[in-house]
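Listed here are the chains, written in short residue letters.
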Amino acid sequence: MCGIFCCIHNSKNNDLVEWNICKERIFSRGPDNVCEKYIKLTDKCCGYFGASILWTQGSKMTIQPCLDENENILLWNGDIFSGNSIELNKSDTSFILRSFQSLNVLPTLELIKGPYSFLYYQKSTNILYFTRDLFGRHSLLVNFNLVNNSLTFMSVTSRKFQDTFEIPAIGLFALNLTNLNFSNLNLTCFPWRTTNNIFHEHIKKLETIFNTSIKIEKIIFPSQEESLNQINIDEHYFHVNLDSENKENIMDLLLKRSNIFERVEKIENLLKTSIETRIKKQPSYCKNCIKLILNNENVKCCHTKIGILFSGGLDSSIISVIADNFIPENESIDLINVAFEKVNKNPKNQNNEEIYNVPDRKTGRQSLADLKLICPKRNWNFVEVNISQEELNIYRSSRISDLIYPLETILDESLGCALWFASRGIGFLKGESYESPCRILLLGMGADELFGGYMRHRTILKHKGWKALIEELKLELNRISDRNLGRDDRVTSDHGKQARYPYLDENLVEFVQSLPPWERCCPTEEFPCGLGDKLLLRLVAKKLNLKNAANFPKRAFQFGSRIANGRENAKDISNRL
């Protein structure tokens with residue numbers, strides 16, 4: 001993974017103000033190496049390419065920007081996790097560059113699965129390709145400046161760089177640089193999926209920003225979507241004849257039904273494959289030892305390499321118990337639990353335990369107890385990240401606001417701050433100061449969108465029915481790149497760590513989306529909160545013996561960590577950024 005930067009500009013314009021604005025934050029994403037190249041692309045334009053590297057694949061680090069013998073240039077910020085098989089010790093960056101040259105860009109993308117954003121300049125055609133993956137798991141921003149005749153792409157930027165926006169994760173874009181005219185860009189889009197209203201909204205917005213007409217070419221991943229009118233709704237899929245309010249009894253009965261058990265087992269196996277890949281595809285060194293390796297020293301590292309953002313809730317607890325299967329027994333796993341200072345009316349009577357005893361801290365400890373019973377040989381590091389109001393105010397204005405940008409709502413602020421402090425991993429372990437040395441973080445994003453975990457799903461089902469819920473779940477997965485993932489990538493990567501999302505593995509998503517909503521969740525009056533929401537995933541947790549997490553009701557991260565104020569409107573623009 002890396003931070004990438006590319007500025008395409010008129011050859012008469014050698015002022016790299018854009019790079020100076022972005023480079024410090026680009027460097028933070030990739031502490032292992034930094035490289036810059038200035039290249040004349042055509043008679044009318046030049047390109048300034050920069051990259052910082054966080055070495056996550058291959059036996060040796062691959063320096064970027066990458067150039068091949070045909071003068072093609074690649075900036076690759078991503079990981080190949082499945083699809084076309086690559087050995088664990090091979091560089092995916094080198095593979096992509098070779099494959100783009102031999103197969104071309106579209107056929108390569110059809111073969112690979114994993115999170116990425118990239119820029120690729122193809123010399124023979126004078127085309128600059130750029131994109132974010134199907135779910136938009138990695139950030140890519142763009143700034144178009146007609147005054148300076150420049151087009152700048154970057155992983156992260158600053159609020160100083162105004163009029164910057166996020167490239168929508170709707171397809172592969174191709175910009176023809178032959179006879180480049182900044183007043184009329186020659187831009188083409190190859191959609192990922194069948195075009196819909198969201199796709200056309202994004203295209204219309206891009207056409208306005210670039211002041212051009214975008215050509216739409218063939219769809220890269222055609223899909224067959226079933227008509228809503230042809231769906232036979234089975235409202236009683238999870239029905240059980242049981243006069244009991246005991247959630248465990250209900251889940252035990254459901255797991256005895258073969259059709260449900262088979263789906264639970266399938267989800268569990270897909271999650272195991274997803275988590276195993278995201279754990280094993282990395283150099284076997286913590287962030288401290290990797291510095292010694294890059295300095296050509298011999299090191300055997302037994303330190304913590306995997307961290308899990310751990311609220312103790314359903315999603316993070318499932319990731320944790322499955323991760324235990326794929327990490328050596330002699331290595332610890334960091335369970336990072338963040339809490340923000342609770343301010344009471346009588347602060348003199350507060351002790352440190354009370355100040356940070358937020359809901360996620362309580363559920364975290366309860367689920368930790370389960371993990372110790374299920375995986376007794378594992379050393380679980382329960383890292384308590386405690387953030388005072390003073391520290392929050394300092395970093396929110398000086399650092400986090402730039403990482404969240406161009407987003408700016410109260411929800412973006414609260415989630416961005418919570419993720420930044422959690423991924424930093426500085427806190428307390430058994431009462432002693434501790435800083436997590438891991439370079440890979442496993443996060444539970446995507447589970448709510450896939451398995452129907454939000455309260456609004458219950459409301460929609462109650463008032464509009466299952467067909468409306470079908471549309472809502474599709475819509476939320478389509479929007480996750482705009483609302484969440486680009487921001488989350490910028491925030492977590494600022495510490496030189498990579499966020500990986502096991503629930504957003506393509507193979508898992510494909511299977512879950514093949515299931516109608518009533519086979520994923522049952523947010524009805526008969527199945528209350530903490531049972532009906534994400535019911536299929538709760539059954540996975542029950543099968544894994546996660547007794548507490550299987551029953552915890554859904555609680556948003558910003559409220560569980562107590563950073564958010566419930567009296568504020570999450571959609572309003574924040575005045576604290």
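Our structure is the block above this text.
Keep in mind that this is a model prediction, so the values were computed, not measured.

The rules behind each value
Residues numbered from 1 in each chain as written. Predicted model: local features only at pLDDT ≥ 70, side-chain atom pairs only at ≥ 80, totals over all residues. Heavy atoms only, no water. Buried < 20%, exposed > 50% of the residue type's maximum accessible area, 1.4 Å probe, protein only. Helix = DSSP H or I, 4+ residues; strand = E, 2+ residues; numbered from the N terminus. Contact = heavy atoms within 4.5 Å. Axes fitted to C-alpha atoms, helices over the stretch in contact; angles between N-to-C directions. Parallel < 35°, antiparallel > 145°, perpendicular 65-115°, else oblique. Nonpolar A, V, L, I, M, F, W, Y, C, P; charged D, E, K, R; others polar. Salt bridge = Lys/Arg side-chain N within 4 Å of Asp/Glu carboxyl O. Polar contact = N/O pair within 3.5 Å; in protein donor to acceptor, adjacent residues only side chain to side chain. Phe/Tyr/Trp six-rings, centres within 6.5 Å; stacked < 30°, edge-to-face > 60°. Lys NZ or Arg CZ within 6 Å of the ring centre and 35° of its normal. Bend = angle between axes of the 7 residues up to and from the residue. Pairing = 2+ DSSP bridges.

### Regarding helix α2 (residues 92–102)
Next up, step 1: Turning to α2, its buried residues number three or more, namely Asp-92, Thr-93, Phe-95, Ile-96, Leu-97, Ser-99 and Phe-100.
Next up, step 2: If you follow the buried residues of α2, they end up packed against β4 (66–67), β5 (73–78), α3 (105–111), β7 (112–113) and β8 (116–122).
Next up, step 3: Once α2 ends, the next one or two residues include Asn-104, with phi positive near 90°.

### Let's talk about the packing of helix α6 (residues 258–280) against helix α8 (residues 314–323)
Next up, step 1: Across the interface, α6 lies against α8 with an axial gap of 10 Å and an inter-helix angle of 70°. In terms of orientation, α6 and α8 fall into the roughly perpendicular class. On α8, the residues touching Glu-268, Leu-271, Lys-272, Ile-275 and Ile-279 of α6 are Ile-318, Ile-319, Ile-322 and Ala-323.
Next up, step 2: Taken together, the residues of the contact of α6 with α8 break down into seven nonpolar, no polar and two charged.

### Some words on the pattern of salt bridges
Oppositely charged side chains are able to pair whenever their charged atoms sit close together.
Next up, step 1: Scanning the entire structure with this criterion turns up 35 salt bridges.
Next up, step 2: The partner of Arg-25 in a salt bridge is Asp-402, and the shortest N-O contact between them spans 2.7 Å. Linking Arg-25 in helix α1 (residues 17–29) with Asp-402 in helix α11 (residues 389–404), this pair joins segments that are 377 residues apart in sequence. One exposure class covers both Arg-25 and Asp-402, and it is buried.
Next up, step 3: Shared partners join several salt bridges into a network, and the residues in it are Glu-24, Arg-25, Arg-159, Arg-399, Asp-402 and Asp-494.

### Describing the environment of Leu-508
Next up, step 1: With respect to the helices and strands, Leu-508 occurs in helix α16 (residues 506–514).
Next up, step 2: Residue Leu-508 is classed as buried on the basis of its relative accessible area of 0%.
Next up, step 3: Along the backbone, Leu-508 and Leu-450 are 58 residues apart, and their C-alpha atoms lie at a distance of 9.6 Å.
Next up, step 4: Beyond its immediate sequence surroundings of up to four residues, Leu-508 is in contact with Ile-267, Leu-270, Leu-271, Pro-502 and Tyr-503.

### A word on the side chain of Asp-448
Next up, step 1: Tracing the backbone through its elements, the reader meets Asp-448 in helix α13 (residues 447–451).
Next up, step 2: Relative accessible area serves as the criterion here: at 6%, Asp-448 is assigned to the buried category.
Next up, step 3: Within the structure, the side chain of Asp-448 is placed 2.8 Å from the side chain of Lys-554, a separation counted as a polar contact.
Next up, step 4: Apart from the residues within four sequence positions on either side, Asp-448 is in contact with Asp-315, Gly-453, Tyr-454, His-457, Lys-534 and Lys-554.

### Considering the side chain of Arg-538
Next up, step 1: Following the sequence through the fold, Arg-538 ends up in helix α17 (residues 535–543).
Next up, step 2: When its relative accessible area of 1% is taken as the criterion, Arg-538 is described as buried.

### Here we look at the packing of aromatic side chains
What describes a pair of aromatic rings is the distance from one ring centre to the other and the angle between the planes of the rings.
Next up, step 1: Applying the stated rule across the entire model yields 24 aromatic pairs.
Next up, step 2: With centroids separated by 6.0 Å and ring planes inclined at 70°, the aromatic side chains of Trp-19 and Phe-27 adopt a geometry described as edge-to-face.
Next up, step 3: Residues Trp-19 and Tyr-48 carry aromatic rings whose centres are separated by 5.8 Å and whose planes lie at 50° to one another, so their mutual orientation is tilted. Highlighted residues: Trp-19 in helix α1 and Tyr-48 in strand β3 (residues 45–53), separated in sequence by 29 residues.
Next up, step 4: Trp-19 sits in the buried class, given a relative accessible area of 3%.
Next up, step 5: Among the aromatic residues, those joined into a cluster by ring pairs are Trp-76, Phe-100, Tyr-116, Phe-118, Tyr-120, Tyr-129, Trp-192 and Phe-221.
Next up, step 6: Between Arg-424 and the ring centre of Tyr-395, over which it is positioned, the NZ or CZ distance is 5.5 Å.
Next up, step 7: Stacked on the ring of Tyr-454, the Lys or Arg Arg-456 has its end atom at 4.2 Å from the ring centre.

### Focus on α1
Next up, step 1: Along α1, the largest kink reaches about 45° and is centred on Lys-23.
Next up, step 2: All of the buried residues in α1 are Glu-18, Trp-19, Cys-22, Arg-25, Ile-26, Ser-28 and Arg-29.

### Details of the sheet that holds strand β19 (residues 426–429)
Next up, step 1: In space, the seven strands of this open sheet follow the order β20-β19-β18-β17-β16-β21-β22, with mixed pairing throughout. Single-partner strands in this sheet number two, and they are β20 (432–435) and β22 (498–500). The sheet shows a mean angle of 35° between the axes of neighbouring strands, direction not considered.
Next up, step 2: Sheet topology places strand β21 (residues 440–442) next to β22; three bridges connect them, and they run parallel. Paired with Ile-440 across the strands is Gln-498, a residue of β22.
Next up, step 3: The sheet contacts of α6 involve β16 (306–309), β21 and β22, and relative to β21 the element is tilted by about 165°.
Next up, step 4: Lying on the sheet, α8 is in contact with β16, β17 (333–340), β18 (380–387) and β21; it crosses β16 at an angle near 160°.

### Quick word on the pairing of β5
Next up, step 1: Of all the six residues making up β5, six are buried; the element is thus mostly covered by neighbouring parts of the structure.
Next up, step 2: Taking every second residue as pointing to the same face, both faces of β5 are buried, with Ile-73, Leu-75 and Asn-77 on one and Leu-74, Trp-76 and Gly-78 on the other.
Next up, step 3: Here β4 pairs with β5 via two bridges, running antiparallel. For Cys-66, the partnering residue across the bridge sits in β5 and is Leu-74.
Next up, step 4: Two successive antiparallel strands, β4 and β5, enclose a turn made up of five residues, where Glu-71 displays a positive phi of approximately 70°.
Next up, step 5: As judged from the six bridges shared by β5 and β8, these two strands associate in the antiparallel manner. Looking at β8, one finds that Gly-78 is bridged to Tyr-116.

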